[in-house]
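# What the coordinates show
Listed below, chain by chain, are the residues.
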Amino acid sequence: MVTKTLAELSLGLKQKTFSSVEITKAYLERIQKFNSKLNTFITVCAETALEEARLADKHLQTGQAEPLTGIPLAYKDIFCTQGIKTSCGSKMLDNFIAPYDATVAEKFKTAGVVLVGKTNMDEFAMGSSNENSYYGPVKNPWDLNVVPGGSSGGSTAAVAARLIAGAIGTDTGGSIRQPAALCGVTGLKPTYGRVSRYGMVAFASSLDQGGPIAQTAEDCALLLQSMAGFDTKDSTSVNTPVPNYSGLLNTSIKGLKIGLPKEFFGEGLNPTIEGHVQNAIKELEKLGAVFKEITLPNTGLSIPVYYVIAPAECSSNLSRYDGVRFGYRAKDPKNLEDLYKQSRTEAFGDEVKRRILIGTYVLSSGYYDAYYLQAQKVRKLISNDYQKAFKEVDIILGPTTPTPAFNLGAKTADPVSMYLCDIYTVSVNLAGLPGLSMPAGFVNNLPIGVQLIGNYFEEARILNVAHQFQKVTDWHKKMPPLGNTL
Amino acid sequence: MTTQSKWETVIGLEVHVQLLTKSKLFSGAATNYGAEPNTQACIIDLGFPGILPVLNEEAVRMAIKLGLAINAEIAPKSVFARKNYFYPDLPKGYQISQYELPIVAKGSLSFSLEDGTLKKVNITRAHLEEDAGKSLHEDFHGYSGIDLNRAGIPLIEVVSEPDLRSAKEAVAYLKTLHSLVRYLEISDGNMQEGSFRCDANVSVRPRGETKLGTRAEIKNVNSFRFVEKAINFEVERQIDLLESGKPVIQETRLYNADKDETRPMRSKEEANDYRYFPDPDLLPVVIQPDLIERVRKTLPELPHEKTARFEEAYGLSKYDAAVLTSSRELANYFETTVKASNSEPKLSANWVMGDLLGALNKANLDITQSPIQAERLGGLIKRISDKTISGKIAKTIFDALWNSKEDADTIIQKQGLQQVTDTSAIEAIIDTIIAENPSQVADYRSGKDKLFGFFVGQVMKASQGKANPEQVNEILKKKL
């Protein structure tokens, strides 16, 4: 039962093959069994989950069910949930219980979703390996010595290990797609503005976007259907109709023009990954897609641009953690300044501090023009590259990451090599486009992903292509050999 | 004064005007003054993790209203920026303000100075921003209390060019702006409650010099009187420094009303690099021309338009018209009085500006708190105008109006204060007076003209002030 996809669970619930309480219990048991090794969950809400499952079963009995009614899900611990701790992977918020639900959480609640728990993550979503969590690193279920990727590593590892059928994450520079690739699951970062950010603890406001993580594109479509939509509480959410994602999954891709950016196939790309990408291209060609080389000349600047803009916004967004109103407060501060200093020194981890420092620096008077303003200009160029490309092609395809997952601790001493993990994903956030990663093979028994990038609000198109791919391949069905390794 | 004349004072003002919206600039929390601490602060005002701001459109309309009233440019696109600094009453660690692209720019405000000349002050910009909360340092046993009711309340900051040349001009500008925002009904302008706060940038330079001197910024002076005193103190201080060969330091100073002096703020408090950048949580504010036109239609008669109309329609002097239109409430009071009096507007103007404002001033009341409503004052003036009572009796009735709720006619009736206009009655009184004062009569008739006043006084006294003075004059002349 626990290996089923969301679509299968939804069908089973509707046909009363099993109840929501039964599947919820099954996942809770599995979480209890494996979580201590994988460290994917920060909070497991067994009691409330079962309550919600019982209520869902009632609705299922009386036929008031929606597609997600009774489906257990896990949320990255960055989404505020009323009455349940929202730590954001940080000591700073270890004691924080939000008095409100994030819009996404509220939508899922209304849809009848059962919240099983909150998943581990890099502190404040800053990281590419999930080693920056106050709650300790998440382990990759494919190899416990290896990182799951980050920052939504708890969510992707939980789905990979079948501790849950679906989870949500957030993606600021690749934080859904990169760990999805490294854990062998499907993850979608929607267009900026497609999913409300209200109640999602902010890292970099102009880049953050919540999205679904599941085994399949079909499941991601199901989840996105509930998550997407305009929210009056989020001024940056966009008021544009939400298409029927599931309904469009089976559109033919015959004649679909797919661009291959030559910049994504250059130096640094693992040759085995490149081979898998080529194989994926062949599969899609068989389905009628047409490929074309394109160029995104400014994407090489994505990482430096990102590491100006994201820290700038984070340095400001994280100012509210001052020990005054909520979160961690240092003991016995000497005075106000000491309260700030001690609270922030004691409760923020190194990577968060590093980014606050960078962000504060690039916004300082005298440096603002050279860094922040310049970065915004280049961001615009990167965006323009994509728009030019989308005049020639319908979607863009490439590897999600340059390498498979690496050993725990391998890159912690070298932040720049860590930052380069996101080299193919970051430009998508800078441009605000939707991007999806789907399993496409293995390198030394570790999964890797292929990334599909669509134009604004064309989530349906990339979900469609991914679904067609997954109908003719079975990479997404591969499961980590949990029994033996755990 | 002689030392000052060598120096020219240059002042620019930054005024924070609290907007009269029902809810805050970026949240739905209420904005009422004086609520229990922290009862009007929602999670958005508290800067909780995950919250997002949503702009209050009413505040935008109010900003447009002000912009139109000062003939300014309304930016088709303005941008909210974050001003970053740490302070306990600033929950997010940044204030959402406008920096590079304010909503209103390049306006001006004109007003008359005491000598009657018209002064025009250019307004650099006016931008929307949220207020911070309040730190309370008393009654917390070594801790500070924080009240976030004020956090997020919409302000519009109006920044003038350094066009003002004296403390008096600064006050005149402030009064004009104060009256304007109340006319526009975008602020209650209540200075005690902090709805209208002023920072003054003050510098001096040798007369004739075109370059600006080094300025000091005087923070938060919250009454017209203190603005004048603070600026005068600061000007003296700077002149003293310069005349003794010392430089003026650019700094922020606080005015202490008790000591009547300005003092530098601790340097720490101002050594901030605010790291402004556009707020990524908010879209640029795009204002379409049709919105501006819709707002334009809601503009009331503006103070200078009203002043011109008062001159025209009521035949008032420039000065009278300016005084009577200094606030919308006073202007309304005057117009109601004129209507109720059904008589020459100048008479109403004299009574409102003289007796009424004098009495209000003495009692420390403003026009809205006047114990005499405009209709009742008009009723009194009507009886002066139709000669039912004399001007002198009118003063007595004015006092009675002040202390009761009755109207003038009732008081006149009850106390029998009608003017005596019956010629035979007046003649009878005069005859008695002439008979009782034979020596004065003889003196007058032998050429002591000055004694005429004596007779008038005696007659008025005998009639308890009710005899019509004109008739008294006329009959006395005949009889003597």
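Residues numbered from 1 in each chain as written. Chains lettered and ligands numbered in written order. Predicted model: local features only at pLDDT ≥ 70, side-chain atom pairs only at ≥ 80, totals over all residues. Heavy atoms only, no water.

### Describing the overall build of chain A
Along its length, chain A carries 16 helices and 11 strands. Radius of gyration (C-alpha) of chain A: 21 Å, near the 23 Å computed for a compact globule of 486 residues. Viewed in the frame of its principal axes, chain A has a C-alpha envelope of about 65 × 50 × 45 Å. Residue burial in chain A is summarised as follows: out of 486 residues, 65% are buried. A total of about 16,800 Å² of accessible surface is found on chain A, and carbon and sulfur atoms cover 52% of it. Distance from the positive charge centre (48 side chains) to the negative charge centre (45 side chains) of chain A: 2 Å. (Helix = DSSP H or I, 4+ residues; strand = E, 2+ residues; numbered from the N terminus. Rg over C-alpha atoms; globule rule 2.2 N^0.38 Å. Buried < 20%, exposed > 50% of the residue type's maximum accessible area, 1.4 Å probe, protein only. Areas by Shrake-Rupley, 256 points an atom, 1.4 Å probe, with all protein chains shown as cover. Lys, Arg positive; Asp, Glu negative; His and termini not counted. Charge placed at Lys NZ, Arg CZ, Asp CG, Glu CD.)

### Remarks on the interface of chain A and chain B
Opposite the 40 residues of chain A that make contact, chain B presents 32 residues. Both faces considered, chain A and chain B share a buried interface measuring about 2,900 Å² in area, 59% of it formed by carbon and sulfur atoms. On inspection of chain A and its partner chain B, the count reaches one salt bridge. Between Asp-281 of chain B and Arg-197 of chain A there is a salt bridge, and its shortest N-O distance comes to 3.0 Å. Put simply, chain A and chain B have 17 residue pairs in polar contact (both at pLDDT 80 or more) between them. The set of elements that each furnish at least two residues to the side of chain A that touches chain B consists of helix H9 (302-317), helix H10 (336-347) and helix H11 (350-363) of chain A. Examining the composition of the side of chain A that touches chain B, we find that five residues originate from one element, H9 of chain A, more than from any other. For the side of chain A that touches chain B, a count of residues per class yields 18 nonpolar, 13 polar and nine charged. (Contact = heavy atoms within 4.5 Å. Buried area = accessible area lost by both parts, 1.4 Å probe. Salt bridge = Lys/Arg side-chain N within 4 Å of Asp/Glu carboxyl O. Polar contact = N/O pair within 3.5 Å; in protein donor to acceptor, adjacent residues only side chain to side chain. Nonpolar A, V, L, I, M, F, W, Y, C, P; charged D, E, K, R; others polar.)

### A short note on a nonpolar patch on the surface
On the surface, Tyr-361, Tyr-367 and Tyr-371 of chain A cluster together into a nonpolar patch covering about 280 Å² of accessible area. One can find Tyr-367 of chain A in the loop between H11 and helix H12 (369-392). (Patch = residues over 30% accessible without salt bridge, like charges linked within 9 Å, V, L, I, M, F, W, Y side chains within 5 Å.)

### Considerations on the domain arrangement of chain B
Domains assigned within chain B are domain 1 (2-295), domain 2 (301-415) and domain 3 (423-479). Here the C-alpha centroids of domain 2 of chain B and domain 3 of chain B sit 33 Å apart. (Domains from an automatic or database assignment.)

### A word on empty space enclosed by the protein
Empty space left among the atoms is revealed by rolling a probe the size of a water molecule over them. Residue and element names in this part refer to chain B. For the structure on display, the rule yields three cavities of 30 Å³ or more. In this structure, the largest cavity occupies an estimated 110 Å³ of space. As for the largest cavity, its lining consists of 16 residues, of which Ile-44, Asp-45, Lys-92, Glu-130 and Gly-152 are closest to the centre. Residues belonging to the lining of the second largest cavity are distributed by class as follows: six nonpolar, two polar and two charged. (1 Å grid on protein atoms, 1.4 Å probe; cavity = no way out; pocket = protein on both sides within 12 Å on 5 of 7 lines; lining within 4 Å. Points joined across faces, edges and corners; volume = space filled by probe spheres on them.)

### Points about the layout of surface pockets
Residue and element names in this part refer to chain B. Considered as a void within the structure, the second largest pocket measures approximately 430 Å³ in volume. Around the second largest pocket, the lining is made up of 19 residues, and of these Leu-55, Glu-57, Val-60, Pro-284 and Val-285 lie nearest the centre. Sorting the residues of the lining of the second largest pocket by element identifies helix H2 (57-69) and strand E16 (285-286) as the ones contributing at least two each. Among the elements that line the lining of the second largest pocket, the one with the most residues is H2, at three residues.

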